[in-house]
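Examination of the molecular architecture
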Amino acid sequence: MTLYEDTVLVLKAYEDQPELRDLYLEHLAAHPDGVYKPCRAGHITGSALVIDPAGGRVLLTLHKKLGMWLQMGGHCEPGDTTIAGAALREAVEESGINEGLTLLPGGPVRLDRHPIPAPCNWHLDVQYAALAPAGALEAISDESLDLRWFPYEEVAAVADTSVVRLVEATRARL
């Protein structure tokens, strides 16, 4: 199975946010390359909110280019075979937590569509949650200015609405 096929299956099974889900599926039907960055009409991205439920906190990255506190995530790469795998790969790379990071069962937590600068138009983000193992140690990557654990109640003060909604949806699923 290809990344494209896996992403279509994951989205078809996703029952929340039906209008946005359908928009993603329409995008993929019109753009078979829509899972990769070169697709200028927009492309699927995979992200994962790294969460420590026992500590009541989430790990956010201060994105180097955007200067915003965000969940870990990014573009699908040719070696990715699943959208969940792409999200987990990005979470591991950007958090520096190399062992024990696992995706919260149940598939994507949310979808988020946001504009990006030209030449592309949109990121169609498939958002997961990743459970951090006890005692996990983070390490800043080249893509980040900073990494920081935030208590749930502090996220709204530092992050945008998309991240706040992802935290809320993740907590509801726990």
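Residues numbered from 1 in each chain as written. Predicted model: local features only at pLDDT ≥ 70, side-chain atom pairs only at ≥ 80, totals over all residues. Heavy atoms only, no water.

With that settled, consider the packing of helix H1 (residues 3–13) against helix H2 (residues 18–30). As a packed pair, H1 and H2 sit with axes 10 Å apart at the nearest point and diverge in direction by 155°. Here H1 lies roughly antiparallel to H2, going by the angle between them. Between H1 and H2 the crossing geometry is left-handed. Contacts between H1 and H2 involve Tyr4, Thr7, Val8, Leu11 and Lys12 from the first element and Arg21, Tyr24, Leu25, Leu28 and Ala29 from the second. Here the residues of the contact of H1 with H2 sort into seven nonpolar, one polar and two charged. (Axes fitted to C-alpha atoms, helices over the stretch in contact; angles between N-to-C directions. Helix = DSSP H or I, 4+ residues; strand = E, 2+ residues; numbered from the N terminus. Parallel < 35°, antiparallel > 145°, perpendicular 65-115°, else oblique. Left-handed = near helix turned anticlockwise from the far one by under 90°. Contact = heavy atoms within 4.5 Å. Nonpolar A, V, L, I, M, F, W, Y, C, P; charged D, E, K, R; others polar.)

A few words on the state of the cysteines. Scanning the entire structure with this criterion turns up zero disulfides. In this structure Cys76 is not part of a disulfide, and its nearest cysteine sulfur, from Cys39, lies 12 Å away. (Disulfide = S-S within 2.5 Å.)

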